[in-house]
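# Residue-level structure breakdown
Listed here are the chains, written in short residue letters.
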Amino acid sequence: MDQLVIAGGKPLAGEIEVSGAKNAALPILCAGLLTAQPVVFDNVPDLRDVGTLLRLLGSMGVTVERGVHRVTLCAESVGNPVASYDLVKTMRASILVLGPLLARFGHARVSLPGGCAIGERPVDLHIKGLQAMGARIDIDHGYIVAEAARLKGARIFMDTVTVTGTENLMMAATLAEGVTVLENAAREPEVVDLAECLIGMGARIRGHGSDVVTIEGVSRLEGTQHAVMPDRIETGTFLVAAAATGGNVRLVGTRDDTLDAVLDKLEEANAIVERGQGEIRIRMRGPNHGVSLRTSPYPAFPTDMQAQFMAMNAVAQGTTVVTETIFENRFMHVQELRRLGANIEVEGNAAIIRGVSKLEGATVMATDLRASASLVIAGLIAQGETVVDRIYHLDRGYEKIEQKLSCLGAAIYRRSDGDAE
Ligand code: UD1
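In short, a report on the structure.

Cut-off values and rules
Residues numbered from 1 in each chain as written. Predicted model: local features only at pLDDT ≥ 70, side-chain atom pairs only at ≥ 80, totals over all residues. Heavy atoms only, no water. Near = heavy atom within 4 Å. Polar contact = N/O pair within 3.5 Å; in protein donor to acceptor, adjacent residues only side chain to side chain. Areas by Shrake-Rupley, 256 points an atom, 1.4 Å probe, with all protein chains shown as cover. Helix = DSSP H or I, 4+ residues; strand = E, 2+ residues; numbered from the N terminus. Pairing = 2+ DSSP bridges. Contact = heavy atoms within 4.5 Å. Disulfide = S-S within 2.5 Å. Buried < 20%, exposed > 50% of the residue type's maximum accessible area, 1.4 Å probe, protein only. Axes fitted to C-alpha atoms, helices over the stretch in contact; angles between N-to-C directions. Salt bridge = Lys/Arg side-chain N within 4 Å of Asp/Glu carboxyl O.

## Section: the site of the ligand
- Taken together, 19 residues form the shell around the ligand, and within it D124, T162, T164, D304 and I326 come nearest.
- A distance of 2.6 Å is found between an oxygen atom of the ligand and a side-chain nitrogen or oxygen belonging to T162.
- When the ligand sits alone it has 740 Å² of accessible area, and the protein chains cover 87% of it.
- Listing elements by their share of the shell around the ligand, those giving two or more residues are α5 (124-132) and α6 (163-174).
- Ranked by residues supplied to the shell around the ligand, first place goes to α5 with 3 residues.

Right under this line is the structure:
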């Protein structure tokens, strides 16, 4: 298994380009199932999750062509509308094929995701929404088996804000008969990017970006070309890494308007943030003050940035509190951060972080995607060598992270299985 080896203590400095958003690319690639015509997607990040999804689409009979950051799909015929447990268990977002398959082909068989490292994460709202649109859904040996001659528009209220739930139902509704209204919909920018892609395919969608999305079904969708939005979580991760190391970094190819809550918190922690056209620059004004925060659906502070801020808070002046309200088990980075010398106590869904003057390198284990990013940031702060083990989690969601950090002057390299210790 690959590891990242980091010699910490160097401030990051320089400029890097942000990749396309994983969480926008995954639903957008699934939208390719909604039309028989070819679709071309640009700015698709080169990530393990994207590879997994393309394998899944390929196994169903979709023609997949992959270039550098460009993917062309053609779902003219799909002989096998099945997402197996093996794929869904490695990537929950595979559930995003359910809505498109059912809407276009009238049936689908998609494995239930099962448990996952950061909490229970059920898919009941996806299922309930499709049932409201007239689908017959059975659970058969751990698989969701869904059938519908043609889905029918419906008013659907989701009692929890769910990102992939909103995306799945929005995609399904594009080909339904009549109007669907999604209430308490997710407002995340990735939902908006997907909606814009669908509109490019001929879908009729209004209200995306608000909590009520209205979709008027059409009988068929066409091909399109769409560029995936920049990754706001990758952007945020590099900004925190820069701030935590006392660096001076410029990120290009990004969108500051998707990051208000994160940029606000960085300023509160004593960073100077300059927003430009498609770029963000960060440096510290003075000592790291750390910052207390509470995760919530967009536009509030994203759960996917919580772990990275905790690494920064570990070496801040004073005590901060990080409260997680989205997932019930998302503090697994805490015990690893403690191994580096952080002083963190967990009480229910809050972590109390008492800033220490330094972290010290050690071997730590990545447990999920964003926890891994937090450990890399901690390794960049720590004195001496940090080895981050099990970085396959990181490869799911960060394109060439070690190359990008090297460009910013970090002493970091990947040690592969075959390399001698
Ligand atoms: C997406 C993101 C993930 C991010 C999360 C929250 C993708 C591919 N992943 O995950 O990076 O951390 O949003 O911003 O976009 N819930 C239910 N029933 C459901 C669905 C969800 O109770 O049917 C609950 C979940 O358990 C969780 C909350 O709703 O407590 C939010 O989850 P959700 O927004 O669905 O997360 P994902 O879409 O899986």
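## Digging into the pairing of strand β4 (residues 63-66)
- Bridging between β4 and strand β5 (residues 70-74) involves 4 bridges; their strand directions are antiparallel. In the strand pairing of β5, T63 is matched with C74.
- Adjacent in sequence and paired antiparallel, β4 and β5 are bridged by 3 residues, among which H69 carries a positive phi angle near 60°.

## Some points on the environment of T162
- Inspection of the secondary structure puts T162 in the loop between β10 (155-157) and α6.
- Taking the C-alpha atoms as reference, T162 lies 10.0 Å from R121; in sequence the two are 41 residues apart.
- When neighbours within four sequence positions are excluded, T162 is seen to be in contact with L125, H126 and A186.
- A distance of 2.9 Å separates a polar side-chain atom of T162 from the backbone nitrogen of G165.

## A few points about the state of the cysteines
- With the rule as written, the count across this model stands at 0 disulfides.
- Among the cysteines around C74, which has no disulfide bond, C197 carries the closest sulfur, lying 15 Å off.
- Take C197: it sits in no disulfide, and the sulfur closest to it among the cysteines is that of C30, at 11 Å.
- The buried category is assigned to C197, whose relative accessible area is 0%.

## A short note on unusual backbone geometry
- For the bond from Y298 to P299, the omega torsion is 10°, close enough to zero to count as cis.
- Locating P299 in the fold gives a position in the loop between β18 (293-294) and α10 (306-314).
- In the Ramachandran plot, N43 falls in the positive-phi region, its phi being about 55° despite a non-glycine side chain.
- With respect to the helices, strands and loops of the structure, N43 is situated in the loop between β3 (39-42) and α2 (48-60).
- Even without being a glycine, H69 presents a positive backbone phi close to 60°.
- In this structure, H69 sits in the loop between β4 and β5.
- With relative accessibility at 32%, the residue H69 sits in the partly exposed group.

## Points about the sheet that holds strand β16 (residues 271-276)
- Across the sheet, 4 strands lie side by side as β2-β15-β17-β16; this open sheet has mixed pairing. What marks the edges here is a single partner per strand, and that holds for β2 (13-17) and β16. When strand polarity is set aside, the average angle formed by the axes of neighbouring strands in this sheet is 15°.
- When strand β15 (residues 248-252) meets strand β17 (residues 279-284), the two strands line up antiparallel, connected through 5 bridges. Along β17, the bridge assignment pairs V249 with I282.
- The sheet strands contacting helix α8 (residues 232-244) are β2, β15 and β17, and the helix crosses β17 at an angle near 25°.
- On the sheet, helix α9 (residues 260-268) packs against β16 and β17 and is oriented at approximately 145° with respect to β16.

## Description of the pattern of salt bridges
- Using the criterion set out here, one finds 24 salt bridges in the structure.
- D46 is the salt-bridge partner of R66, the closest N and O atoms lying 3.2 Å from each other. A residue pair is termed long-range when its members are at least 10 positions apart, and R66 in strand β4 and D46 in the loop between β3 and α2 qualify at 20 residues.
- The class for D46 is partly exposed, based on a relative accessible area of 44%.
- Here E190 and R232 are joined by a salt bridge, their closest N and O atoms 2.7 Å apart.

## Regarding the side chain of T166
- Position of T166 relative to the elements: it lies in helix α6.
- Judged by relative accessible area, which is 0%, T166 ranks as buried.
- Separated by 2.6 Å, the side chain of T166 and the backbone oxygen of T162 make a polar contact.
- Here T166 is in contact with M158, L182, A185, A186 and V191, once residues within four sequence places are set aside.

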